[in-house]
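Summary of the model geometry
As a plain string of letters, each chain reads:
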There are 2 protein chains.
Amino acid sequence: MNRIPLPSLRRLPRYLNVLENLQRQGRTTVSATDVADELDLKPIQIRKDMAFTGIVGKPKVGYDINELIDAIRTFIGWHDVTPCVLVGSGSLGTALLGYEGFAKRNLKIVAAFDIDSERYGRIIYGTPVFSMDKLAEVIERDNISMAIITVPTHAAQDVTNSLIAVGIAGIWNFSPTEIQVPPHVVVKRENLSEGLAVLFVKMRERQFRSPD
Amino acid sequence: MNRIPLPSLRRLPRYLNVLENLQRQGRTTVSATDVADELDLKPIQIRKDMAFTGIVGKPKVGYDINELIDAIRTFIGWHDVTPCVLVGSGSLGTALLGYEGFAKRNLKIVAAFDIDSERYGRIIYGTPVFSMDKLAEVIERDNISMAIITVPTHAAQDVTNSLIAVGIAGIWNFSPTEIQVPPHVVVKRENLSEGLAVLFVKMRERQFRSPD
DNA sequence: TAGATTGTTAATCGATTAACAATC
DNA sequence: TAGATTGTTAATCGATTAACAATC
């Protein structure tokens, strides 16, 4: 199977949400049309996307809902617990520490870090906050390969460098800065202003065009 | 000029960040190559994207940096102040109320709302929190057309319905739920699990492939 | 059995990249 | 002036959609 297209990959978690809702309602099978209706997409797109997870459906019946959920979770890597650290325990960092959705996806923030002595030593939503000089120790101890960055712009590159120095392989970057990393490190940007721009322009376009 | 492609639109705020940095350093002109190097993109893509904002550059010289910043900000709609409301003053809502980046883009959260009587009546980072039954009053008073939703999953659709009832045109949805809206309302989802899925799969792919 | 739904192969659509003439 | 950079037109690439045979 080929590498999954990025747009398809982004849709998988949405499918998962829909499927989990249906599962909770007691459904045992689901067709591409069922999912498509829920998300305003076309059934053919759902079938194509699902195929990347390796799931095989049954003509006339659809997909076994448990199998399908399992296939998506396995494909994304949400079946095993992934430990990670969070750097920057400000308001956004705190919000992420308290975000219940991560547990459902088996993401476990084992430790947070901050330079501010007012902040380290505390426990936020069950996660201990350490001073920055404990970073290497904790990451090595728990064999962590992923980090979340929620520090202010001016600190982002320094924090990134520290993380790279201790061997982090993936960074989820919530700071509104383009961090520079070597080619073997994966970065996912999460830049609020991108979403805001999309919303603004879509709203303007909606004003002047017929809604399709 | 045609409608801007979504990927191009998402890149504009990234260009803006780079340009503002260069402007702060005293630069007066910038070439597509300069921006491309900063973001690991190709110059031709930057030129194509910039053209959508209506900016015209000078061969050999590049773009006037002030003009270019202005063109992007005007195109997105970040030149005028946009007032909005935020519904759900939990940890994520609080983080957004404290996010300094919005001021730079002229987004002004004029009021927050919550059903919890422990929360309304307070002021968070300068923004007053009201009870939900004040929603219509505030939105009409300040002529608000945009809302941010940061409520838990189970409340998202109810809140959406209330917002639509009072005439909201655009919703920035941070709750991990697919909300249903009539066709004239624009929604921008901001679903953390999509980003997480992308990061996970990219990290796995990086392990098994040569880094290009 | 008949028809609904899958998965595959082909066609279309849209975004990115390349080529190059125009020009400050 | 010469060469670096723009903007346009064409080519390529990749994702979405359509068509349809296979089948539970």
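**Here's the deal with the overall build of chain A**
If you tally the helices and strands in chain A, you get nine helices and nine strands. For the C-alpha atoms alone, the extent of chain A along its principal axes is close to 60 × 45 × 35 Å. Taking all 212 residues of chain A together, 50% fall into the buried category. A fraction of 57% describes how many contacts in chain A between residues 6 or more apart in sequence connect residues 24 or more apart. In the form shown here, chain A has an accessible surface area of approximately 10400 Å², with 50% of it arising from carbon and sulfur atoms. Considering chain A, the positive charge centre built from 25 side chains and the negative charge centre built from 24 side chains are found 7 Å apart.

**Quick look at the pairing of strand β8 (residues 170-173) of chain B**
All names here are of chain B. Burial of β8 is two-sided: the residues Gly170 and Trp172 facing one way and the residues Ile171 and Asn173 facing the other way are all buried. Pairing analysis gives four bridges linking strand β7 (residues 146-149) to β8, with the strands arranged parallel. In the sheet register, Ile148 faces β8, and the bridge partner there is Trp172. The β-α-β motif built from β7, the intervening helix α8 (residues 153-165) and the parallel element β8 has right-handed crossover chirality. Bridge analysis of β8 against strand β9 (residues 186-189) gives four bridges, and the strand direction is parallel. When the sheet's bridge partners are listed, Ile171 is paired in β9 with Val187.

**Describing the interface of chain B and chain A**
Many analyses report the size of an interface as the accessible area lost when the parts associate. Taken together, the contacts link 60 residues of chain B with 60 residues of chain A. Together chain B and chain A conceal approximately 5600 Å² of surface at their shared face, both sides included; 66% is due to carbon and sulfur atoms. Together, B:Arg3, B:Leu192 and B:Phe200 form the three largest contributors to the area buried by chain B at its contact with chain A, with a combined 12%. If you look at where chain B meets chain A, you find four salt bridges. The closest approach of N and O atoms between A:Glu178 and B:Arg14, which form a salt bridge, is 2.8 Å. Looking at the side of chain B that touches chain A, the elements with two or more residues in it are α1 (6-24), α2 (32-39), α4 (65-76), α5 (91-97), β8, β9 and α9 (192-208) of chain B. The element that contributes the greatest number of residues to the side of chain B that touches chain A is α9(B), accounting for 15 residues. A per-class count over the side of chain B that touches chain A returns 33 nonpolar, 12 polar and 15 charged.

Reading guide: rules and limits
Residues numbered from 1 in each chain as written. Chains lettered and ligands numbered in written order. Predicted model: local features only at pLDDT ≥ 70, side-chain atom pairs only at ≥ 80, totals over all residues. Heavy atoms only, no water. Helix = DSSP H or I, 4+ residues; strand = E, 2+ residues; numbered from the N terminus. Buried < 20%, exposed > 50% of the residue type's maximum accessible area, 1.4 Å probe, protein only. Contact = heavy atoms within 4.5 Å. Areas by Shrake-Rupley, 256 points an atom, 1.4 Å probe, with all protein chains shown as cover. Lys, Arg positive; Asp, Glu negative; His and termini not counted. Charge placed at Lys NZ, Arg CZ, Asp CG, Glu CD. Pairing = 2+ DSSP bridges. Right-handed = clockwise from strand over helix to strand, strands pointing away. Buried area = accessible area lost by both parts, 1.4 Å probe. Salt bridge = Lys/Arg side-chain N within 4 Å of Asp/Glu carboxyl O. Nonpolar A, V, L, I, M, F, W, Y, C, P; charged D, E, K, R; others polar.

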